[in-house]
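Listed below are the residues making up each chain.
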Amino acid sequence: MKAIVIGAGMIGSGIAYRLAEAGVDVIILEADRVGGGTSGISFAWTNSHGKEPRDYHELNVSGMKAHAALAEEFPGQTWFHASGSVAWRKTPQDREAMMENFERLQSWGYAIEWIDRKQLAELEPDIDLDHVGDAMITYCHEEGYVDPVVYCDAMVKAAQKRGAKLRVGVKVTDLAMRNGAVTAVKAEDGALYEADVVINCAGRWADTVARDPGLRLPLAPTTGFIVFTPPVATGVKRLIHAPDVNLRPDGAGRLMVLTNAADDLVSLDMRPSPTMPQALDVMRLASEVIPALATVKPEAARITARPIPKDGLSAVGPTPRVKGYYVVVTHSGITLGPYLAKAVADEIVHGRTRQELENFRPARFFN
Ligand SMILES: Cc1cc2nc3c(=O)[nH]c(=O)nc-3n(C[C@H](O)[C@H](O)[C@H](O)COP(=O)(O)OP(=O)(O)OC[C@H]3O[C@@H](n4cnc5c(N)ncnc54)[C@H](O)[C@@H]3O)c2cc1C
């Protein structure tokens, strides 16, 4: 079987690896560079917080387990950090929402527990406890984060080791079809790449790889804004979710910081800069949580878009009108990447239907 994977982000690179592992003849076509899309600008928290309905929650929990299993499959791997996460909430409204979320997650068997200020200080000594006050605090020890580009590189190289070919700088512009089945993809430079099956893993660009509007997955991307510190002398080890700001380590002492509010203050047509007021404001909020950041200026700021199918849920599976054309587009793609890689390869190679994906089929958009 010959497969073409379009896009070498968190989704495509893992799928390419699992297909190559199963003996499929794989070509990865990447318009830009490995991990250079949304995956390269992601908070990359592996979690299933507030992910509803229940089957979407379960899918994300499977994603978290798949990360732990993959880390064992690749001894010495450097992309997955099983760090755990802490969160706290202060206002009556936020406490109520946190309590509701806690009870729901606990009743679903999720690893979440209440901790007190002393335990928080032991886990993350750099947090200003005065800022935490008498907040309600949770700890989720099974959550973690990923360095997505490191993951993508490792998956692509593992696929190449099993015979897969990587072509970077190749932008797919259309599908070629015969008798209702995909036969090849067409690239911008006119080249044709033949395949029995094409897997569209182009993330937020997934609706641009086929010219036929009837084959385009409807997307509802949202803008994301992330600020990066220079290396700083803090011992932050985990994901920290304060009421107004989220942060985590980003290697060599750097921290990655984001707020929900700042997402609404940027747009894709802006040129991100560490001196833009939005970036300075995000840093100010972070320094209220970690006083050691008080004199730290942002080193970089980045703006990107989340690849979100129109109804907010994952779209994973064949498209109904064309044989051999499979789509895998999702938010929470960092959490879900390794799990979907195995499930999708299993469906494509062995023709099995994975029941856990049945409510997430792209067919729901093509009736
Ligand atoms: C600010 C922010 C925070 C996030 N936080 C989290 C989080 O905490 N946890 C989590 O699980 N998820 C999170 N996400 C979502 C997650 O990052 C995405 O779901 C994931 O990165 C999607 O991966 P992907 O491989 O589908 O897309 P991408 O990484 O964008 O990969 C798609 C690739 O396809 C290539 N491509 C596009 N068009 C073509 C074409 N025509 N031909 C060839 N190649 C093409 C692109 O160049 C790109 O490399 C976050 C996203 C954002 C923006």
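Residues numbered from 1 in each chain as written. Predicted model: local features only at pLDDT ≥ 70, side-chain atom pairs only at ≥ 80, totals over all residues. Heavy atoms only, no water.

Peer 1: I keep staring at the environment of aspartate 130 and nothing clicks. Help me out?
Peer 2: Along the chain, aspartate 130 turns up in helix H5 (residues 129-132). Exposure remark for aspartate 130: the relative accessible area of 67% places this residue in the exposed category. As for aspartate 130 and glutamate 288, which are separated by 158 residues in sequence, their C-alpha atoms are 9.7 Å apart. (Helix = DSSP H or I, 4+ residues; strand = E, 2+ residues; numbered from the N terminus. Buried < 20%, exposed > 50% of the residue type's maximum accessible area, 1.4 Å probe, protein only.)

Peer 1: What is the right way to look at the site of the ligand in this model?
Peer 2: Surveying the vicinity of the ligand reveals 37 residues, the closest of which are Glu30, Thr38, Ser39, Ser42 and Thr335. Contact between the ligand and alanine 31: a nitrogen atom at 3.0 Å from a main-chain N or O atom of the residue. The backbone of isoleucine 334 places a nitrogen or oxygen atom 3.3 Å from an oxygen atom of the ligand. In isolation the ligand offers 1000 Å² of accessible surface; the protein chains occlude 97% of this area. Taken together, the elements giving at least two residues each to the shell around the ligand come down to helix H1 (10-21), strand S2 (25-30), strand S14 (222-228), strand S18 (300-306) and helix H9 (333-350). Sorting elements by how many residues they give to the shell around the ligand places H9 first, with three residues. (Near = heavy atom within 4 Å. Polar contact = N/O pair within 3.5 Å; in protein donor to acceptor, adjacent residues only side chain to side chain. Areas by Shrake-Rupley, 256 points an atom, 1.4 Å probe, with all protein chains shown as cover.)

Peer 1: Got a minute to help me understand the packing of helix H2 (residues 54-73) against H9 in this structure?
Peer 2: Axes are the key here: two packed helices are described by the angle between their axes and the distance separating the axes. Put simply, H2 and H9 touch, their axes get as near as 7 Å, and they point 70° apart. Relative to H9, H2 is oriented roughly perpendicular. Between H2 and H9 lies a crossing whose hand is left-handed. Within the contact between the two elements, H2 uses Tyr56, Leu59, Asn60, Ser62, Gly63, Met64, Ala66, His67 and Leu70 and H9 uses Ile334, Thr335, Leu336, Pro338 and Tyr339. Residue composition of the contact of H2 with H9, by class: nine nonpolar, five polar and no charged. (Axes fitted to C-alpha atoms, helices over the stretch in contact; angles between N-to-C directions. Parallel < 35°, antiparallel > 145°, perpendicular 65-115°, else oblique. Left-handed = near helix turned anticlockwise from the far one by under 90°. Contact = heavy atoms within 4.5 Å. Nonpolar A, V, L, I, M, F, W, Y, C, P; charged D, E, K, R; others polar.)

Peer 1: Is there a simple way to think about the sheet that holds strand S19 (residues 315-318) in this case?
Peer 2: Sheets are built from strands that pair by backbone hydrogen bonding, the pairs being arranged parallel or antiparallel. Pairing within the open sheet is mixed, and its six strands lie in the order S9-S2-S1-S13-S20-S19. Sheet topology places strand S9 (165-168) and S19 at the edges, where each strand pairs with a single neighbour. The sheet shows a mean angle of 15° between the axes of neighbouring strands, taken without regard to direction. Across four bridges, strand S1 (residues 2-6) lies against strand S13 (residues 197-200) in parallel orientation. (Pairing = 2+ DSSP bridges.)

Peer 1: Please explain the nonpolar core as it appears in this structure.
Peer 2: Soluble, globular proteins show a tendency: their nonpolar side chains are buried together. Counting 50 residues, the largest nonpolar core has Ile15, Leu19, Val26, Trp79, Ile199 and Val328 as its most contacted members. Mapped onto this core, the elements with two or more residues apiece are S1, H1, S2, H2, helix H6 (148-161), S13, strand S20 (325-329) and H9. The element that contributes the greatest number of residues to this core is H9, accounting for nine residues. In this structure, valine 26 is in contact with Ala3, Val5, Ala16, Leu19, Ala20, Gly163, Ala164 and Lys165, ignoring residues within four places of it in sequence. (Core = buried A, V, L, I, M, F, W, Y, C linked by side-chain atoms within 4.5 Å.)

Peer 1: Would you mind going over the side chain of arginine 18 with me for this structure?
Peer 2: Its location among the elements puts arginine 18 in helix H1. A distance of 3.0 Å separates the side chain of arginine 18 from the side chain of glutamate 21, its partner in a polar contact. Those residues in contact with arginine 18 that sit more than four places away from it in its chain are Leu70, Glu73, Ala341, Lys342 and Ala345.

Peer 1: Where do I start with the pairing of strand S7 (residues 136-140) in this structure?
Peer 2: A large share of S7 lies buried, amounting to five of its five residues. Side chains Met136, Thr138 and Cys140 project from S7 onto one buried face, and the interleaved Ile137 and Tyr139 project onto a second face that is buried too. Sheet topology places strand S5 (residues 85-89) next to S7; five bridges connect them, and they run antiparallel. Of the residues in S7, the one forming a bridge with valine 86 is tyrosine 139. Two elements, strand S6 (residues 113-115) and S7, share three bridges in a ladder whose sense is antiparallel.

Peer 1: Mind showing me how you'd approach the packing of H1 against H9 here?
Peer 2: In the contact formed by H1 and H9, the axes pass within 8 Å of each other and the chain directions differ by 35°. The handedness of the crossing between H1 and H9 is right-handed. Residues Met10, Ile11, Gly14, Ile15, Arg18 and Leu19 of H1 form the contact with H9, whose participating residues are Gly333, Ile334, Gly337, Pro338, Leu340, Ala341, Lys342, Val344, Ala345, Ile348 and Val349.

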